[in-house]
Amino acid sequence: MQFGNFELFVISDGTFRLDGGAMFGVVPRVLWEKLNPPDPSNRILMGLNCLLIRAPRDVILVDTGIGNLYNEKFASMFGVDKSTSLQQGLANLGIRPADITKVILTHLHFDHCGGNCMRDANGGIKPTFPNATYYVQQGEFEYAQDPDSRSKASYLAYNWEAVVASGQMQFITGDREIVPGVEVEVTGGHTRDHQIVKIHTNGRTACFLADLAPTNLHLKTTYVMAYDLYPKTTMEVKERVLKQALQEQWLLIFEHAPRVRVGHLKELEGRIQVESMGVGG
Ligand SMILES: [Zn+2]
């Protein structure tokens, strides 16, 4: 999709499943189960949508999906389905891993940075994108090194160790322009240093919301994941960001929506909804 000076592509790294109750926090099951029916283990289907930004001088990837370094136990626990993959999606666009110049990581949970690294010929682990600088918030990285017991299962060090070792990880602090027109904004909420990515061009804005609003069903202020470490921050920031997104008709990308991956907001009878554009690949 052409977006001013940029080309944007949403690339699916497959799907996985998380507990529906955890995904909707305090919202009762009767309110979400019809929109997102849980399986017999009470898990709901989750997309793994990455964003590729072709900028004038850079090829930028936002988040890297769930990857393929996990074992069978992990795959069955999370119902991982890789019938589409980031690697295949890039290949379909004619993009080689070596062409990626920058990788922006919204945070370091395994479903956002799982494709950072891959197996090498000797069974070791190496960065998937050999020429890319990877960007992460310093505070997120520090927390990922020593998470509390509530977050431990979400942080898998093999997803970033090789990137740090190769010198490709760049630590940033606070809001920052990565290339002209592409900036990160720290939202906190989901994790203390969770960040979203905004793309500005010719008076228009696109926004990769990451876990600020993981799916189009998380637009309401109170629809906050139980995983969020600072739920009140999520509520406040989400309300502010979505209000601006509605007013300025931002293009929104939902990382975990299995179907409605991209859309604009519209207000219908006082309720904010997404007008899906169904773009993806
Ligand atoms: Zn997360």
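Residues numbered from 1 in each chain as written. Predicted model: local features only at pLDDT ≥ 70, side-chain atom pairs only at ≥ 80, totals over all residues. Heavy atoms only, no water.

Draft legend 1. The coordination of the zinc ion, seen in detail. Only His107 (NE2), His109 (ND1), His190 (NE2) and Asp211 (OD) from the protein coordinate the zinc ion, and they sit 2.1 to 2.3 Å from it. Bound by four donor atoms, the zinc ion shows angles of 80 to 168° at the metal and therefore irregular coordination geometry. Donor residues for the zinc ion sit on one chain with the sequence pattern H-x1-H-x80-H-x20-D. The exposure classification of His107 matches that of His109, with both residues buried. (Donors = N, O, S within 2.8 Å, 3.2 Å for Na, K, Ca; no water. Tetrahedral: all angles 85-135°; square planar, octahedral: opposite > 155°, others 65-115°. Buried < 20%, exposed > 50% of the residue type's maximum accessible area, 1.4 Å probe, protein only.)

Draft legend 2. View of the sheet that holds strand β9 (residues 169-172). Strands sit in the order β1-β2-β3-β4-β5-β8-β9 across an open sheet of seven strands; the sheet is mixed. Of all the strands in the sheet, just β1 (2-3) and β9 have a single pairing partner and so form its edges. Sheet topology places strand β4 (residues 59-62) next to strand β5 (residues 102-104); three bridges connect them, and they run parallel. Residue pairing for β5: Val62 is matched across the bridge by Ile104. (Pairing = 2+ DSSP bridges. Helix = DSSP H or I, 4+ residues; strand = E, 2+ residues; numbered from the N terminus.)

Draft legend 3. Spatial organisation of the pattern of salt bridges. Per the counting criterion, the structure on display carries ten salt bridges. Residue Glu7 is joined to Arg54 by a salt bridge in which the shortest nitrogen-to-oxygen separation is 3.3 Å. On the criterion of sequence distance, the pair formed by Glu7 in strand β2 (residues 6-19) and Arg54 in strand β3 (residues 43-54) is long-range, its members being 47 residues apart. The salt bridge involving Lys102 is made with Asp58; its shortest N-O contact spans 3.4 Å. Here Lys102, found in strand β5, pairs with Asp58, found in the loop between β3 and β4; they are 44 residues apart in sequence, far enough to count as distant. Taken individually, Lys102 and Asp58 each receive the classification buried, so the pair is uniform in this respect. Sharing partners across several salt bridges, the network here consists of Arg17, Asp39 and Arg43. (Salt bridge = Lys/Arg side-chain N within 4 Å of Asp/Glu carboxyl O.)

Draft legend 4. Representation of the sheet that holds strand β10 (residues 176-179). An order of β10-β11-β12-β13-β14-β15-β16 is seen for the seven strands of this open sheet, with the pairing classed as mixed. Both outer strands of the open sheet, β10 and β16 (271-276), are each paired with one neighbouring strand and no more. For this sheet, the mean angle separating the axes of adjacent strands, direction not counted, is 30°. When strand β14 (residues 251-253) meets strand β15 (residues 262-268), the two strands line up antiparallel, connected through two bridges. Within the sheet, the bridge partner assigned to Leu252 lies in β15 and is Gly263. Against the sheet, helix α8 (residues 231-247) contacts β11 (182-186), β12 (195-201), β14, β15 and β16, and its axis sits at roughly 90° relative to β15. (Axes fitted to C-alpha atoms, helices over the stretch in contact; angles between N-to-C directions. Contact = heavy atoms within 4.5 Å.)

Draft legend 5. Quick peek at the nonpolar core. Ranked by internal contacts, the top residues of the largest apolar core, which has 27 residues, are Leu52, Ile100, Leu108 and Phe129. For this core, the secondary-structure elements that each account for two or more residues are β2, β3, β4, α4 (86-92), β8 (133-137), α6 (138-145) and α7 (161-165). Formed by 24 residues, the second largest nonpolar core is a distinct cluster that contains Ile53, Ile172, Phe208 and Leu251. (Core = buried A, V, L, I, M, F, W, Y, C linked by side-chain atoms within 4.5 Å.)

Draft legend 6. View of the environment of Lys102. Looking at Lys102, the relative accessible area reads 14%, which means it is buried. Sequence separation between Lys102 and Leu61 is 41 residues; the distance between their C-alpha atoms is 6.3 Å.

Draft legend 7. Just the pairing of β16, in detail. Inspection of the sheet shows β15 paired to β16 by six bridges, in the antiparallel sense. Bridging across to β16, Lys266 finds its partner in Gln273. Adjacent in sequence and paired antiparallel, β15 and β16 are bridged by two residues, among which Glu269 carries a positive phi angle near 50°.

Draft legend 8. Broad picture of the side chain of His264. Within the secondary structure, His264 is located in strand β15. Under the relative-accessibility criterion, His264 is labelled buried at 19%.

Draft legend 9. Examining the pairing of strand β13 (residues 204-208) more closely. Of all five residues in β13, four are buried, a share of seventy percent or more. Pairing of β12 with β13, which is carried by five bridges, proceeds in the antiparallel orientation. Note that in β13 the partner of Val197 across the bridge is Phe208. Hairpin geometry of β12 and β13 is characterised by an intervening segment of two residues between the two adjacent antiparallel strands and by a positive phi of about 45° at Asn202. Relative to β14, β13 runs parallel, the two sharing three bridges. Directly across from Phe208, in β14, lies its bridge partner Ile253.

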